[in-house]
Amino acid sequence: MTARSAAAIASLAFLCASGCTNFYEVPIETPIQAKLDVSAFRRVLIAGFISGGTDDVDANLETVRLLRSQLRSKTNLRVIEAEVLPLVELAGEQAAKTAAEPATLPAAGEIPGAQPATPATAPDDTRKPEDRKQETPVRSKKDLEKFDRIFADAAFWKKLGEEYESPLIVTGTIMFTPHQTAGFVNVNREVYDQLGRRQVMQSRVYQERKGFILEPKFVFIDGRTGATLHSESYRREILYPSAQSTPALASYFELMDQLIPDFLGALSTQKIRGTRILLR
Amino acid sequence: MYFSASVVLAALLAFPLPALADARSDAKAQVEFGIKVAQNGLWKEATYRWEKAVQLDSTYAEAWNNLAIGYEHQGRFDEAEKAYQNALKLDPKNVSIRQNYDLFKEINDRTKRRRDR
């Protein structure tokens, strides 16, 4: 090696070294502002949910437990440990009461030729709440609609808020339904050539799959006034090959895991960790 | 005539205007200081330095890139977007700036979708 080529290599190495130090990879935390300003609240009550779909998971109880533990560890709000409200029953009772009240129709005298209005017959509802629950399961979103009115009942939520020193109240609906589908899906296949080299090939195969759909609607209520502050709905689904047996509860948690960051993002600033490249 | 013109051009290329060179070297000093403090977690100070750098030399793509990252770290997304766009306009082929911008855009779009929901 001549002196000239050695110098050339040295200068190349120097150039490379100086070039390499022109960028610096740094970790950053990007803050995502909370959707709701909850600075007025120090406490949060996860009251309960109107749940429906499959009977394999008590979506009301599981959701309350999960959200409480997440809020406890990831926000500054104090989580109130209270009995989970049987919201389906309460909303059902409320709906029955509303149906029993006479409809607000115009007075008979105001409509020419009309007969006096007769109030709607009150349902003969002397059953126990447990029986009522069994007879009116929530199986679809349509079933949920009749209970939806409870979220607009400011007096009910205000009264509940007074019991717990006016916290932020979180409630809503949870539909967790089994789902089945069949169709073509992309699958990766391992192929070995004559030399034994492994290759991954993608192909489309017809498959029957089953799984679950999770559709929660979170309603955030001001415990001081009973007014709804914010509500948001989500839809997530998961499918497995039909031969695979996955417990409903495992699927529920898998789907909730996907939603939790969005739920928390409504109440507190979340930080997304990543890296960026600083340049000279 | 051609000879004298080419001599002037060569002189200009060889010795850039001192004012421009000063602006870039001052900006570079700010950028380097900003990088040092950012590596120590002092992002506000770093952002201030990079703001100064782009004031001194608004054609400094790397300074705009760093400024965008500084804004991103503070959750100032609109300003970060503008800074990234300036950086890309000045140096569209810079892979690092493009990569930073793509990562930022993913978060920014997600945030906007959440807000609109």
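Everything numeric in this text was worked out from a predicted model, so none of it was measured. (Residues numbered from 1 in each chain as written. Chains lettered and ligands numbered in written order. Predicted model: local features only at pLDDT ≥ 70, side-chain atom pairs only at ≥ 80, totals over all residues. Heavy atoms only, no water.)

Draft legend 1. How the structure looks around the overall build of chain B. When its secondary structure is counted, chain B shows six helices and zero strands. The secondary structure elements of chain B, listed N-terminal to C-terminal, are α-α-α-α-α-α. Scored against the burial criterion, the 117 residues of chain B give a buried share of 39%. Counted over contacts in chain B with a minimum sequence separation of 6, partners at least 24 positions apart contribute 45%. On chain B, roughly 7100 Å² of surface is accessible, and the fraction owed to carbon and sulfur atoms is 58%. (Helix = DSSP H or I, 4+ residues; strand = E, 2+ residues; numbered from the N terminus. Buried < 20%, exposed > 50% of the residue type's maximum accessible area, 1.4 Å probe, protein only. Contact = heavy atoms within 4.5 Å. Areas by Shrake-Rupley, 256 points an atom, 1.4 Å probe, with all protein chains shown as cover.)

Draft legend 2. Spotlight on the confidence of the model for chain B. Here chain B averages 87 in pLDDT, and 80% of its residues register 70 or above. Scored as a complex, the prediction yields pTM 0.65 and ipTM 0.83. (pLDDT = per-residue confidence, 0-100.)

Draft legend 3. Region of the structure containing the nonpolar core. With 35 residues, the main nonpolar core has Phe218(A), Phe220(A), Met256(A) and Phe263(A) as its most contacted residues. Elements with a contribution of two residues or more to this core: strand E2 (43-53), helix H2 (59-74), strand E4 (168-192), strand E5 (198-222), strand E7 (236-241) and helix H7 (248-267) of chain A. Aside from chain neighbours lying at most four places away, what touches Phe218(A) is Phe49(A), Thr63(A), Leu67(A), Thr171(A), Ile174(A), His230(A), Ser231(A), Glu232(A), Tyr234(A), Met256(A) and Phe263(A). Grouped together as the second largest cluster of nonpolar side chains are 34 residues, Val26(A), Ile28(A), Leu278(A) and Ala46(B) included. (Core = buried A, V, L, I, M, F, W, Y, C linked by side-chain atoms within 4.5 Å.)

Draft legend 4. Main features of the confidence of the model for chain A. Residue and element names in this part refer to chain A. Predicted confidence across chain A gives a mean pLDDT of 81, with 79% of residues reaching 70 or more. Per-residue pLDDT, averaged within each element of chain A, yields its smallest value for helix H4 (residues 129-135) (47) and its largest for strand E3 (residues 78-79) (95). Contacts from residues 103-127, a stretch scored under 50 in pLDDT, to residues over four places away or in other chains number 15 contacts. Of the regions scoring below 50 in pLDDT, residues 129-135 engages in seven contacts with residues more than four places distant in sequence or in other chains.

Draft legend 5. Up close: the packing of helix H4 (residues 61-73) of chain B against helix H5 (residues 77-90) of chain B. Residues and elements named next belong to chain B. In contact at an axis separation of 8 Å, H4 and H5 are set at 160 degrees when each is read in the N-to-C sense. Taken together, the axes of H4 and H5 are roughly antiparallel relative to one another. Judged by the twist between their axes, the crossing of H4 over H5 is left-handed. From H4, Ala61, Trp64, Asn65, Leu67, Ala68, Ile69, Tyr71 and Glu72 reach across to H5, where they touch Phe77, Glu79, Ala80, Ala83, Tyr84, Asn86, Ala87 and Leu90. Its residues assigned to classes, the contact of H4 with H5 shows twelve nonpolar, two polar and two charged. (Axes fitted to C-alpha atoms, helices over the stretch in contact; angles between N-to-C directions. Parallel < 35°, antiparallel > 145°, perpendicular 65-115°, else oblique. Left-handed = near helix turned anticlockwise from the far one by under 90°. Nonpolar A, V, L, I, M, F, W, Y, C, P; charged D, E, K, R; others polar.)

Draft legend 6. Layout of H2(A). Relative to the 22 Å expected for 16 residues at 1.5 Å per residue, H2(A) spans 22 Å between its end C-alpha atoms, a close match to the ideal helical length. Of the positions making up H2(A), those classed as buried are Ala59(A), Asn60(A), Glu62(A), Thr63(A), Val64(A), Leu66(A), Leu67(A), Arg68(A), Gln70(A) and Leu71(A). (Expected span 1.5 Å × (residues − 1).)

Draft legend 7. Up close: the pattern of salt bridges. Residue and element names in this part refer to chain A. Within the structure shown, the criterion is met by 20 salt bridges over all chains. We note a salt bridge from arginine 273 to glutamate 29, for which the minimum N-O separation is 2.9 Å. Within this pair, whereas arginine 273 is found in strand E8 (residues 270-279), its partner glutamate 29 is found in strand E1 (residues 23-32), the two being separated by 244 residues in sequence. Taking relative accessible area as the criterion, arginine 273 reaches 71% and is therefore assigned exposed. Under the relative-accessibility criterion, glutamate 29 is labelled partly exposed at 26%. In this structure, glutamate 81 and arginine 68 form a salt bridge, with 3.6 Å as the shortest nitrogen-oxygen distance. You can see glutamate 81 sitting in the loop between E3 and helix H3 (87-100) and its partner arginine 68 sitting in helix H2, a full 13 residues away along the chain. Classification of arginine 68 by relative accessible area gives buried; the value is 6%. (Salt bridge = Lys/Arg side-chain N within 4 Å of Asp/Glu carboxyl O.)

Draft legend 8. The environment of Leu36(A), seen in detail. All names here are of chain A. Tracing the backbone shows leucine 36 in the loop between E1 and E2. A relative accessible area of 13% places leucine 36 in the buried class. Distance from leucine 36 to leucine 267, taken between C-alpha atoms, is 5.6 Å for residues 231 residues apart in sequence. Each residue touching leucine 36, except ones within four places of it in the same chain, is listed here: Phe220, Leu229, His230, Ala266 and Leu267.

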